[in-house]
Amino acid sequence: MNSIQEQMRARARELLTEGTVQMVIGWEKGTFWYLSPPTFVTAPEDCDRLVWDEFCTNNLAKYLLDYKHTEDKIAIFVKGCDARGIVRLLQDNQIDRERVYLIGIKCPGVKDGRQAAALGEEKRKEVPLAEKCRFCTHPEPVVYDELLVPDGGEALREAAAAAEGRFAEVEKVEAMNPDERYAFWTAAYDRCLRCYACRNICPACNCRECIFDRSQSGWCGKQMNRSENMFFAITRAMHVAGRCIECGECERVCPEGIPIMTLNKKIIKDLNELFGEYEAGVDLEALPPLGQYKLDDPDEFH
Ligand code: SF4
Ligand code: SF4
Ligand code: SF4
């Protein structure tokens, strides 16, 4: 058993036993060796379910919303991207900081579950990093109440530093002419099933009622066709504009392999160019570029 996992179980058991928290959110071993899905532990004797391995991929922050109307205090393990998700939820006034206890983990990066399944367990060591980790700028949690003693982290940071082109895929699309770009995006989103997995997993998608669940709104229909799918894609992208923490979860869960992060990163790149460098979910006090205004704005607004 690795030392992070030992620490996780021990701290969860202590926090539940002493009554500091009523629930601990972490990861447990799933049906297959390449799956470590979220788990919700409420009894000290169940803490040995908690695991820490290279497949603890899910960003756990979003699950706090399921408990936001309870009185419980919840402990949650946070990698770098989970911590940025927490900042996202705090900035959006979705959670109460006093009701969460953040146990930070310096993240060495997680592995790509789909490629793991294809390679087989005997090639476990050859499974590549998950796409979202290749360009991760914050593997260490940006916010926490306590930090577990790390197993690693340096290896990932070197990999991230070596990885060129956080916006490489965006630049490829930008280099296309308008017809090619249209063909690229329509080919991608013609496959969209409107399953909303991308929305459901996203810590930035936290509206009480999503526009796509409001069939009476008149804005959008339920049909799966090109115009409705593109409306969905563009609307969701704009709703997370300046707020997307680049956790890559939307693209990871998409059953159709749609390059959602290319769309998100295009908007991040544009915002950086238009309003200056900004990383969402890093600094609680730094407001998103589209979440503020200046009275002396050079452009007119009404
Ligand atoms: S995106 Fe960063 S913090 Fe999140 S799992 Fe990958 S390396 Fe870890
Ligand atoms: S849009 Fe995707 S990458 Fe951005 S915060 Fe949501 S799930 Fe994460
Ligand atoms: S997860 Fe993929 S298929 Fe499902 S709604 Fe989102 S983009 Fe469409």
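Residues numbered from 1 in each chain as written. Chains lettered and ligands numbered in written order. Predicted model: local features only at pLDDT ≥ 70, side-chain atom pairs only at ≥ 80, totals over all residues. Heavy atoms only, no water.

*Asks:* Would you mind showing me how to read the site of ligand 3 here?
*Replies:* Around ligand 3 sit Cys192, Leu193, Arg194, Cys195, Tyr196, Ala197, Cys198, Phe232, Cys254, Pro255, Ile258 and Ile260, and that is every residue in its neighbourhood. Across the shell around ligand 3, the residue classes tally to 11 nonpolar, no polar and 1 charged. (Near = heavy atom within 4 Å. Nonpolar A, V, L, I, M, F, W, Y, C, P; charged D, E, K, R; others polar.)

*Asks:* Explanation requested: the side chain of Asn59 in the structure shown.
*Replies:* Within the secondary structure layout, Asn59 lies in the loop between β2 (38–41) and β3 (74–78). Here Cys81 takes part through its backbone oxygen, which lies 3.1 Å from a polar atom of the side chain of Asn59. When near neighbours in sequence (up to four residues on either side) are disregarded, Asn59 contacts Lys79, Cys81, Asp82, Pro203, Ile245, Cys247 and Glu249. (Helix = DSSP H or I, 4+ residues; strand = E, 2+ residues; numbered from the N terminus. Polar contact = N/O pair within 3.5 Å; in protein donor to acceptor, adjacent residues only side chain to side chain. Contact = heavy atoms within 4.5 Å.)

*Asks:* Is there a simple way to explain the site of ligand 2 in this structure?
*Replies:* In the neighbourhood of ligand 2, the contacting residues comprise Cys202, Arg236, Cys244, Ile245, Glu246, Cys247, Gly248, Glu249, Cys250, Met261 and Asn264. For the shell around ligand 2, the elements supplying multiple residues, two or more each, are α10 (249–253) and α11 (260–275). For the shell around ligand 2, a count of residues per class yields 6 nonpolar, 2 polar and 3 charged.

*Asks:* Before we go on, may I ask you to explain the packing of helix α7 (residues 178–189) against helix α9 (residues 226–239) in this structure?
*Replies:* At a minimum axis separation of 10 Å, α7 and α9 run at an interaxial angle of 95°. Relative to α9, α7 is oriented roughly perpendicular. Packed against α7, whose contacting residues are Tyr182, Trp185, Thr186 and Tyr189, the element α9 presents Arg226, Asn229, Met230 and Ala233 at the interface. Here the residues of the contact of α7 with α9 sort into 5 nonpolar, 2 polar and 1 charged. (Axes fitted to C-alpha atoms, helices over the stretch in contact; angles between N-to-C directions. Parallel < 35°, antiparallel > 145°, perpendicular 65-115°, else oblique.)

*Asks:* What exactly am I supposed to notice about the nonpolar core here?
*Replies:* Soluble, globular proteins show a tendency: their nonpolar side chains are buried together. Counting 38 residues, the largest nonpolar core has Trp27, Phe77 and Ile86 as its most contacted members. For this core, the elements supplying multiple residues, two or more each, are α1 (3–17), β1 (23–27), β3, α2 (80–91) and β4 (100–104). Setting aside anything within four residues of it in sequence, one finds Ile86 in contact with Ala61, Leu64, Ile76, Val78, Ile95, Leu102 and Val143. Counting residues in each nonpolar core, the second largest holds 24 residues, with Ile211, Phe232, Cys250 and Leu271 among its members. (Core = buried A, V, L, I, M, F, W, Y, C linked by side-chain atoms within 4.5 Å. Buried < 20%, exposed > 50% of the residue type's maximum accessible area, 1.4 Å probe, protein only.)

*Asks:* Is there a simple way to think about the environment of Leu64 in this case?
*Replies:* Along the chain, Leu64 turns up in the loop between β2 and β3. The spacing of Leu64 and Gly218 is 154 residues in sequence and 31 Å in space, taken between C-alpha atoms. If near-sequence neighbours (up to four positions away) are discounted, Leu64 is found in contact with Ile25, Ile74, Ile76, Ile86, Ile95 and Val100.

*Asks:* Even after reading the chapter, I still don't get the packing of aromatic side chains, so can you show me in this structure?
*Replies:* How two aromatic rings sit relative to each other is set out by the distance from centre to centre and by the angle between their planes. Under the defined criterion, the tally for this structure stands at 12 aromatic pairs. Aromatic pair Trp33 and Tyr34: ring centres 5.4 Å apart, planes at 90°, arrangement edge-to-face. The pair formed by Trp33 and Tyr34 is uniform in burial state, with each residue classed as buried. (Phe/Tyr/Trp six-rings, centres within 6.5 Å; stacked < 30°, edge-to-face > 60°.)

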